[in-house]
Amino acid sequence: MIRIIANEQGGTDQTVLDVSEITTVQISYSVAELGDVMSRNAPFSQTFRLPQSERNNKFFEHYYQANLTTATFNAAQKTRVSIYEDGVLILAGVLRLMEVYLDNRSYQVSVFGDAANLFQDLKDKDLVDAFITNGAHTTTYDYQQSAANVIDSWTLTNDITTGEVGDGTIIVPLIDWGKDTAGTSLYYGSDGVGGPGLGTVGFLNPTELKPAIKLQALINLIFAQAGYSYTSTFLTSATFARIYMQLGTNSPQLSTRPYAGVNVGLSGDVSLSGADLLANPQQLITFNDESSFDFFDPDGLYNSTTHSFNPPQDMNVTFSVKLRLEKAASDTFTGYVVVQGATDTETSPPITFATSTKAQVVFNGFIQCNAGEDVQVYLVTTGFSPGGVTIKQSNELFGVTDQSTFEFDGYINPEGNQQVSVPTSMPDITQEEFLKDIIQRFNLVLEASVDNERHLFIEPHSDWLDAGAEQDWTGKLDLDKERVLKPTSDKRKAIIELGDLEGNDRGNTWWQDHQGYGYGQYRENIEDDFATGELTNDPVFKPFHVQKLRAQDGDYTLLPNVVIGRQYELDEGTFSRVADEPFLFYHNGLKDTGATLYVGSNSFTQYPFISAFSEGPTTEDTESLYWGYQYPYGFGTPPMGNEYVDQNLFRKYWGRFINQVYSDDARILEAYFYLKSTDILNLRFNDLINVEGVHYRLLKVQGYTVNGYETTKCTLLKDQGRLQYRVNLDCNLIPYRYYLNGTIQFINPETSAT
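Only a predicted model underlies this, so the values are computations on that prediction, with no experimental measurement involved.

Engineer: Which residues make up the sheet that holds strand 40 (residues 522–525), and what values do they have?
Structural biologist: Taken in spatial order, the three strands make up an open sheet running 40-39-41, and their pairing is mixed. On the outer flanks of this sheet lie strand 40 and strand 41 (534–536), each paired with one strand and no other. Sheet twist, expressed as the mean angle between neighbouring strand axes with direction ignored, is 10°. Pairing of strand 39 (residues 495–498) with strand 41 involves three bridges; the strand directions are parallel. If you follow Ile495 over to strand 41, its bridge partner there is Glu534. In this fold helix 9 (residues 649–662) packs onto strand 39, strand 40 and strand 41, with an angle of close to 165° to the strand it touches most, strand 39.

Okay, here's the thing in structure tokens:
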């Protein structure tokens, strides 16, 4: 029996719609097109008719009456609906009113599965928008670019951010971006002797390094802001948690957070009697107006309750104090202004206020202060007779009306201790482009929860296949209808080319100029005369390389254990900082440097070893962020090792997927099966389905009839097992290891013989 339950538009009231005895509902289900990770093929029904019964007319508010103006049912608005067969949920989604048949007295409708589309929800949102809260960029991911913070960030159990967003979320890797001093780069030693360069205090300024963000944290932030959640063994794994995205690559220089300054005044006059001055010669000036006149405090750095400026970081600040004073003509006043913090105190020249009744005091200065301390203004009395003095909110003097003010109008960060804005360091890409790259890179499958379409299960394609159950559909086969077995040529592309963007740094430009294509590409021409087009990905990252730390006088090293990225441009011996594409890398823990090195005046003897490989030295199980194999930069150095890494992106995440379609043994089966409502309820496209002794994976269920007796057409793809490489009929061996001497070892995948 068919049961259709519809929700009131914009409400929660439910109606069980009437269904005629002859009503049939056909529903189709399919997995996303092979290789198209951006599409989510939700189930859908063919159109069917509902009678114009009293209950249905009430629900659709007599939509058949064209002149009815009081009805609120909106055919352009989604109506949530669930379809049940014999009490089993078959389809939950959105009902659409297509037509109303006046003579036949029926409503023609269709139902579309309401699989939420993450990519549609992220459309046109830039990556930086993930950090916007209540219309403003959050500052919780920001941090102070001090030498101490840079070095602390290398240990992933530390959190250097101002908002304590999580240990290891933001790090500042040791990468050679080129020195701010034109024409130089990072180095250690000269003429075979250590010391110069990184072994010298102050050679490397903290502002010459850039931050990186944990990839996992950025993905979590995007999902949360879009109203999604996920379950994923892969994305929450310890290995994936060590992948970082480099920030600040849009600009050659580090992007620091600017502050707009502070200008505050008084909400009223401050009258200080002779008794007040006698009791307390140092009077706090209670500046408390941040918004009247031309006053401002856009960054919230002034506290009107404590009447203090609170620096957001260590800084040397320029200030200006302006006081409008008044007293009786017979009184005298002498004193000075003090701007005082916990770190520093600045005192104005003496004030002598004798014969006149009005005066203006202006004190400009420069004060050193530390993050979070209270910086306040005092009026200090050294003499008065006999009355007091009033600090006016504003008054007229010499024909000019002005206010008493306390202003911070500039700052310098000592030793490069600048506040870095992580949101504005984001690359200029959209959230959709970012997630599309990650999903393609690791060939992830996104599957919506049956109970909550905004909760996704996310795993690499191979892991997703392995999680499927094994079922035998041989007994469900309709042998009275034709079974069709087809080759997969129409699913294949003539060329497979998967890779990253070209880079502007020296390592990438050299490879691109000499090889004619980007480093780390996987390229293959398919031997199928009927295959057309190209299978490509949509990258937003460039490849990242590491190399030895050079000496000042040549490309040799005195510290073989220090291997870092070289992200500068090199032209005729001149090293230049360059704007470039973002890149990904693994944080592989700390390595000994072999000498005492410095960031600013802070020393270190261990540095973070980062690379495109998941560990160092590499082993047989090491994973690579390159799509294919090329001889790696830095190969053979102690941190990198000399073990060939064959678990590149293509082999690890795409080989098995490609083999399903491109193997010479690949087949597509089209057949009809006797399916029940429970089969539909438990339908998973990663199940391994046995049909007459052959294992298949389900691609499509077409036209399942609810409450009907017809068999259902299904399309299945023959399963090729777990092979990462295709076995060519001309050679039954596949590559196994590559050696430094240029030789390749092959293996028989059936016997494991090499």
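More follows now that the structure is in view.
Engineer: Give me the packing of aromatic side chains: which residues, what numbers.
Structural biologist: Counted according to the given criterion, the structure contains 38 aromatic pairs. On the basis of an interplanar angle of 80° and a centroid distance of 6.5 Å, the ring pair of Tyr302 and Phe406 is categorised as edge-to-face. Placement of Tyr302 in strand 22 (residues 302–303) and of Phe406 in strand 33 (residues 405–412) is noted, with a sequence separation of 104 residues between them. Taking relative accessible area as the criterion, Tyr302 reaches 5% and is therefore assigned buried. Among the residues examined, Phe406 registers a relative accessible area of 1% and is labelled buried. Residues Tyr519 and Tyr633 carry aromatic rings whose centres are separated by 5.8 Å and whose planes lie at 45° to one another, so their mutual orientation is tilted. Residue Tyr519 is found in the loop between helix 8 (506–515) and strand 40, and its partner Tyr633 is found in the loop between strand 47 (602–611) and helix 9; the two are separated by 114 residues along the sequence. Taken individually, Tyr519 and Tyr633 each receive the classification buried, so the pair is uniform in this respect. Lys210 extends its terminal NZ or CZ atom over the ring of Trp177, reaching a point 4.5 Å from the ring centre.

Engineer: Outline the pairing of strand 29 (residues 376–385), supporting the account with residue identities and numerical values.
Structural biologist: Where strand 21 (residues 282–284) and strand 29 come together, three bridges link them in antiparallel fashion. Looking at the pairing, Gln283 lines up with Leu379 of strand 29. Bridge count between strand 25 (residues 332–340) and strand 29: nine bridges; the pairing is antiparallel. Residue pairing in the sheet places Val337 in a bridge with Leu379 of strand 29.

Engineer: Outline the pairing of strand 32 (residues 400–403), supporting the account with residue identities and numerical values.
Structural biologist: In this structure, strand 31 (residues 394–397) lies alongside strand 32, joined through four bridges in antiparallel fashion. Bridge pairing links Asn395 to Asp402 in strand 32. The antiparallel hairpin formed by strand 31 and strand 32 contains two residues in its connecting segment, where Phe398 sits at a positive phi of about 55°.

Engineer: Which residues make up helix 8, and what values go with them?
Structural biologist: Taken residue by residue, helix 8 has Gly507, Asn508, Trp511 and Gln512 as its buried positions. Within helix 8, the buried residues cover an arc of 125° as seen down the axis, which keeps them to one side. In helix 8, the exposed positions angled more than 90 degrees off the buried face are occupied by Asp513 and His514. Positioned one or two residues after helix 8, Gly516 has a phi angle of 85°, which is positive.

Engineer: If you had to explain the pattern of salt bridges to someone new, which residues and values would you point to?
Structural biologist: Using the criterion set out here, one finds 24 salt bridges in the structure. The salt bridge involving Lys322 is made with Asp402; its shortest N-O contact spans 2.7 Å. You can see Lys322 sitting in strand 24 (residues 315–326) and its partner Asp402 sitting in strand 32, a full 80 residues away along the chain. Residue Asp402 is classed as buried on the basis of its relative accessible area, which comes to 19%. For the salt bridge of Arg651 with Asp646, the shortest nitrogen-to-oxygen distance reads 2.6 Å. Each member of the pair, Arg651 as well as Asp646, is classed as buried. Here the residues in one salt-bridge network are Asp437, Arg441 and Asp500, joined through shared partners.

Engineer: Describe the sheet that holds strand 18 (residues 243–246), and please don't skip the residues or the numbers.
Structural biologist: The five strands lie next to each other as 12-16-18-46-47, forming an open sheet whose pairing is antiparallel. Where the open sheet ends on each side, the last strands, each with one partner, are strand 12 (170–171) and strand 47. This element, helix 4 (residues 215–226), spans strand 16 (212–214), strand 18 and strand 46 (584–599) of the sheet and lies at about 70° to strand 16.

Engineer: Go over helix 4, please, and point to the residues and values.
Structural biologist: Spanning 12 residues, helix 4 covers 17 Å between terminal C-alpha atoms, matching the ideal 16 Å at 1.5 Å per step. Counting buried positions over the 12 residues of helix 4 gives nine, a clear majority of the element. Among the residues of helix 4, those classed as buried are Leu215, Gln216, Ala217, Leu218, Ile219, Leu221, Ile222, Phe223 and Ala226. Looking one or two places after helix 4, you find Gly227, whose phi comes out positive at around 85°.

Thresholds applied
- Residues numbered from 1 in each chain as written.
- Predicted model: local features only at pLDDT ≥ 70, side-chain atom pairs only at ≥ 80, totals over all residues.
- Heavy atoms only, no water.
- Pairing = 2+ DSSP bridges.
- Helix = DSSP H or I, 4+ residues; strand = E, 2+ residues; numbered from the N terminus.
- Axes fitted to C-alpha atoms, helices over the stretch in contact; angles between N-to-C directions.
- Contact = heavy atoms within 4.5 Å.
- Phe/Tyr/Trp six-rings, centres within 6.5 Å; stacked < 30°, edge-to-face > 60°.
- Buried < 20%, exposed > 50% of the residue type's maximum accessible area, 1.4 Å probe, protein only.
- Lys NZ or Arg CZ within 6 Å of the ring centre and 35° of its normal.
- Arc of directions from axis to C-beta.
- Salt bridge = Lys/Arg side-chain N within 4 Å of Asp/Glu carboxyl O.
- Expected span 1.5 Å × (residues − 1).

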